[in-house]
Protein chains: 2
Amino acid sequence: MKLSDLGEDALVARWTRGLPRNATLLVGPGDDCAVVGRRSDAVWTLLKTDCVIEGVHFAGETDFARVGWKALARNVSDIVAMGGEPEHALVTVAFPPGLDVAKADALYKGLRRCARKFGVSIAGGETARSPGPVFVSVALTGRVERGRCVLRSGGKPGDVLFVTGRLGGSLAGKHLDFLPRLREARWLTEHFRLHAMMDLSDGLGADLPRLAKASGCGFELGELPCSPGCSHEAALGDGEDFELLFAVSPRQAQRLEKAWPFLSLPLTRVGVLTANRTRTSAHGFDHFA
Amino acid sequence: MKLSDLGEDALVARWTRGLPRNATLLVGPGDDCAVVGRRSDAVWTLLKTDCVIEGVHFAGETDFARVGWKALARNVSDIVAMGGEPEHALVTVAFPPGLDVAKADALYKGLRRCARKFGVSIAGGETARSPGPVFVSVALTGRVERGRCVLRSGGKPGDVLFVTGRLGGSLAGKHLDFLPRLREARWLTEHFRLHAMMDLSDGLGADLPRLAKASGCGFELGELPCSPGCSHEAALGDGEDFELLFAVSPRQAQRLEKAWPFLSLPLTRVGVLTANRTRTSAHGFDHFA
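All residue numbers refer to positions counted from 1 along the written sequence of the respective chain. Key to labels: chains lettered from A, ligands numbered from 1, both in the order written. Residue-level local features of this predicted model are given only where pLDDT is at least 70; pairs of side-chain atoms are given and counted only at 80 or more, and the full residue set underlies all totals for whole chains, interfaces and linings.

## Concerning the overall build of chain A
Helical segments are the DSSP runs of H or I of at least four residues, strand segments are the runs of E of at least two, and each set is numbered from the N terminus. Within chain A, the secondary structure is distributed over 9 helices and 11 strands. For a compact globule the rule gives 2.2 Å times the number of residues to the power 0.38, and the radius of gyration it is set against comes from C-alpha atoms. Scaling as 2.2 N^0.38, a compact globule of 289 residues should have a C-alpha radius of gyration of about 19 Å, and chain A matches this with 19 Å. Oriented by its inertia axes, the alpha-carbon framework of chain A measures out at about 55 × 45 × 45 Å. Exposure classification rests on a simple neighbour count of other C-beta atoms within 10 Å of a residue's own: a residue reaching 20 or more is buried, one at 12 or fewer is exposed, and one in between is partly exposed. C-beta atoms are placed from the backbone. A total of 289 residues make up chain A; the buried ones form 54% of that total.

## Remarks on the interface of chain B and chain A
By the convention adopted here, residues are in contact when the distance between their C-beta atoms, placed from the backbone, does not exceed 7 Å. Each partner contributes residues to the interface: chain B has 62 residues there, and chain A has 62 residues. At the level of elements, helix 1 (3–6), helix 2 (8–16), strand 2 (34–36), strand 3 (43–53), strand 4 (85–95), helix 4 (101–117), strand 5 (121–129) and strand 6 (135–145) of chain B are the ones that each hand at least two residues to the side of chain B that touches chain A. A total of 9 residues in the side of chain B that touches chain A trace back to one element, the largest contributor, which is strand 5 of chain B. The class makeup of the residues in the side of chain B that touches chain A is 35 nonpolar, 17 polar and 10 charged. Only Asp, Glu, Lys and Arg are considered charged, only Ala, Val, Leu, Ile, Met, Phe, Trp, Tyr, Cys and Pro nonpolar, and every remaining residue, Gly among them, polar.

## Details of the nonpolar core
As used throughout, a nonpolar core is a set of buried Ala, Val, Leu, Ile, Met, Phe, Trp, Tyr and Cys residues joined through C-beta atoms within 7 Å of each other. The biggest cluster of nonpolar side chains holds 178 residues, and the ones touching the most others in it are L72(A), A89(A), V136(A), L245(A), L72(B), A89(B) and L245(B). When neighbours within four sequence positions are excluded, L245(A) is seen to be in contact with L161(A), V163(A), M197(A), M198(A), L200(A), L204(A), D207(A), L208(A) and L211(A).

## Structural notes on the relation of the copies chain B and chain A
When the copies are superposed, the least-squares fit draws on C-alpha atoms of residues that have pLDDT of at least 70 in both. Each copy of the sequence occupies a distinct position, and chain B is placed on chain A by a rotation of 180° and an axial shift of 0.0 Å, giving an RMSD of 0.0 Å. Taken together, these values place the two copies in the relation of a two-fold axis. Identified as the residue of chain B closest to the rotation axis by C-alpha distance is G132(B), at 2.8 Å. With an isologous cut-off of 70% or more, the 100% of interface residues of chain B that recur at the interface of chain A puts this contact in the isologous class.

## Structural notes on the packing of helix 3 (residues 64–80) of chain A against helix 4 (residues 101–117) of chain A
All names here are of chain A. Every axis corresponds to a line fitted to the C-alpha atoms, with the helix fit spanning only the stretch in contact, and the corresponding angles, defined between N-to-C directions, vary from 0 to 180 degrees. Viewed as axis vectors pointing N to C, helix 3 and helix 4 meet at an angle of 45°, and their least axial separation amounts to 6 Å. Taken together, the axis directions place helix 3 and helix 4 in an arrangement best described as oblique. Handedness of the crossing formed by helix 3 with helix 4: right-handed. Every residue of helix 4 that contacts helix 3 at F64, A65, R66, V67, G68, W69, A71, L72 and A73 is listed here: K103, A106, L107, Y108, K109, G110, L111, R113, C114 and A115. Grouping the amino acids of the contact of helix 3 with helix 4 by side-chain chemistry returns 13 nonpolar, 2 polar and 4 charged. Put simply, angles under 35 degrees are roughly parallel, angles over 145 are roughly antiparallel, angles from 65 to 115 are roughly perpendicular, and the rest are oblique. If you view the pair so one helix is near and one far, a crossing is left-handed when the near helix is turned anticlockwise from the far one by less than a right angle, and right-handed when it is turned clockwise.

## Structural notes on the environment of I53(A)
With respect to the element layout, I53(A) can be found in strand 3 (residues 43–53). Residue class for I53(A) comes out buried when judged on the 23 C-beta atoms lying within 10 Å of it. In the structure, I53(A) is positioned 36 residues away from R17(A) in sequence and 26 Å away in space, judged by C-alpha atoms. I53(A) has contacts with P133(A), F135(A), A94(B), A128(B) and S130(B), leaving out every residue within four places of it along the chain.

## So, the sheet that holds strand 11 (residues 267–274) of chain B
All names here are of chain B. Pairing between strands requires that DSSP locate at least two bridges from one strand to the other. Strand order in this open sheet of 5 strands is 8-10-7-11-9, and the pairing throughout is antiparallel. With partners counted over all chains shown, the strands left at the sheet margins are strand 8 (196–199) and strand 9 (218–221), one partner each. Taking each pair of neighbouring strands and ignoring which way they run, the sheet shows an average axis angle of 25°. Bridge count for strand 8 against strand 10 (residues 244–248) is 4 bridges, and the pairing is antiparallel. Each bridged residue has a counterpart across the sheet, and for D199 the counterpart in strand 10 is L244. Against the sheet, helix 7 (residues 204–214) makes contact with strand 7 (160–164), strand 8, strand 9, strand 10 and strand 11, and its axis sits at roughly 35° relative to strand 10, the strand it touches most.

## A closer look at the domain arrangement of chain A
All names here are of chain A. Domain parsing of chain A yields domain 1 (3–146) and domain 2 (150–274). Boundaries between domains were set according to an automatic or database domain assignment. Placing the centre of domain 1 and that of domain 2 at their C-alpha centroids yields a distance of 21 Å. Domain 1 puts 18 residues into the contact, and the matching count from domain 2 is 18 residues. A per-element tally of the side of domain 1 that touches domain 2 places helix 3 first, with 8 residues. Class assignment for the residues of the side of domain 1 that touches domain 2 results in 9 nonpolar, 4 polar and 5 charged.

## Notes on the confidence of the model for chain A
Confidence per residue, as judged by the predictor, is encoded in pLDDT with a range of 0 to 100. Mean pLDDT for chain A: 94, with 96% of residues reaching 70 or above. Model confidence for the complex is summarised by a pTM of 0.92, with the ipTM given as 0.91.

## A short note on the sheet that holds strand 6 of chain B
Residues and elements named next belong to chain B. Overall, mixed pairing links the 6 strands, which are arranged 1-2-3-6-4-5 in an open sheet. Strands with a single pairing partner mark the edges of an open sheet, and in this sheet they are strand 1 (25–27) and strand 5. If you compare each strand with its neighbour and ignore which way they point, the axes differ by 25° on average. Bridging between strand 1 and strand 2 involves 2 bridges; their strand directions are antiparallel. Across the sheet, the residue bridging to V27 is V35, located in strand 2. On the sheet, helix 3 (residues 64–80) packs against strand 3, strand 4 and strand 6 and is oriented at approximately 145° with respect to strand 3.

## Considering the pairing of strand 7 of chain B
Residue and element names in this part refer to chain B. Taking burial as the measure, the 5 residues of strand 7 include 5 buried ones, the bulk of the element. Burial along strand 7 is two-sided: the residues V160, F162 and T164 and L161 and V163 are all buried. Of the strand pairs in this sheet, strand 7 and strand 11 are connected by 5 bridges, and their pairing is antiparallel. Paired with T164 across the strands is L267, a residue of strand 11.

## Things to note about unusual backbone geometry
Notably, F242(A) is not glycine yet its phi reads approximately 55°, a positive angle. Turning to its location among the elements, F242(A) is positioned in the loop between helix 8 (232–237) and strand 10 (244–248).

## Describing the environment of A71(B)
Residue and element names in this part refer to chain B. In this fold, A71 is placed in helix 3. The sequence separation of A71 and I53 amounts to 18 residues, and the corresponding C-alpha distance is 9.3 Å. Here A71 is in contact with V52, L111, V136 and V138, once residues within four sequence places are set aside.

## Let's talk about the pairing of strand 11 (residues 267–274) of chain A
When strand 9 (residues 218–221) of chain A meets strand 11 of chain A, the two strands line up antiparallel, connected through 4 bridges. Counterpart to F219(A) in the pairing with strand 11 of chain A is L273(A).

## Description of helix 7 (residues 204–214) of chain A
Residues and elements named next belong to chain A. Among all positions of helix 7, only L204, G205, A206, D207, L208, L211 and A212 are buried. The inward-facing, buried residues of helix 7 abut strand 7 (160–164), strand 8 (196–199), strand 9, helix 8, strand 10 and strand 11. One or two steps after helix 7, the chain reaches G216, where phi turns positive at roughly 70°.

If you want it as structure tokens, here you go:
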């Protein structure tokens, strides 16, 4: 049997079963980040890793400064989606020995630029030779106050679902230059009680079912904030939007829509969580399909 | 200009210059791990990342359980070489979609086995599609008491250099099954004042010059504890020994040789650090050469 016969979610479930854990692992695999600490600590540590691969997440002709930005920004987006702030990054890169030094330099330039923008320290890394494509894997630590940590699993039936920004069409450029919603998520967790949150990396169609399932809910979807020129299908399925998806009570939702202070970034009600779990699929990106 | 024209150490120096850092980054790139915390903290956090790649660090026909072990054990070895204990791992894997599920399962089996052996929790990870070789990147956190943290840079002229175990011939199997020297390093930092320590990943010939340079010293080498059937050259240059190299004062060295309690693991004086920095090269593995 091949990996492509099973699909990503089934494989991840298979590989994360029975993993060794210890007492300081509060939240393990399955959320945007792992959460580490003791229950009583005022501040918890967040841990996240992600990767970008030539030929999968970017083309070889892409400006490598944008690739470096993307490699770190993907992780920042996950720390943000837990309500936290990023702290220290570790960067592993595998380059073919024949690669132009200028391209590798550009990759690190993009990493540094993203790190400065979001207050990340680059604490270390590893470089290796690749016999194939360029691989960039970034691990990132973060911090979050206990009362501001938001998981995927806290959604309740009746909760209103919001997304920031516009969805779809990311491949036209945004997937390389997106801005993780650090400021917005920190404002949200300061002023509102979010029940559940995640960032949209595989598209709303793949990611919303994950949030709903983690929360033990179903969902209903309404109108989506589509990017210019994008269909509803594209907004669901293109992926790499790196916007926030979150659930709040209907009461908080009303207050939030009045208070939202980020005028250049739309905030849209896209649906509700339901008690009925029959509707739990929509189309998004599957890494092994 | 290509990466292979410059060589690994020059490239790493180029890419780690001017990296963004923040106040809690006590030790950045250049040691076995990064050290994070405040100077006054009783316990510091260690951060490390490393990777193994099909066709570079292992052959495609290798038992993938051994590959999984190796991918985590390399990082454990680095945490150990700072005097610390490993805590939480993040595992990023890129697999070709056509890979046999049994091979991927075996890789995770090896990871879990290594994690259990060394008390590591597997906190999260990422799986992606690879258009080429299998790529496994592991990031690992650890903890070390402030007084037991050992850098590469504290060596002094006259210090005695020790290595644990035997060197060379790792490719015959040890490079996949090695045991990070957790127990031994914890015993060393409990009972002795180590001036400098690192683990031997690229071979003594490449790694000792790094320790000496970080300490502002030169070095002299004597007899090496060669693995059975290995030459002095192989002991210097084969690499992937994952033994400890450390420097202590001559006085501590005498006491240590009498006290060493690990009867099945040799401890060998291999040389001294010197004030004369003219002798600073020997042969080891260069990833881009």
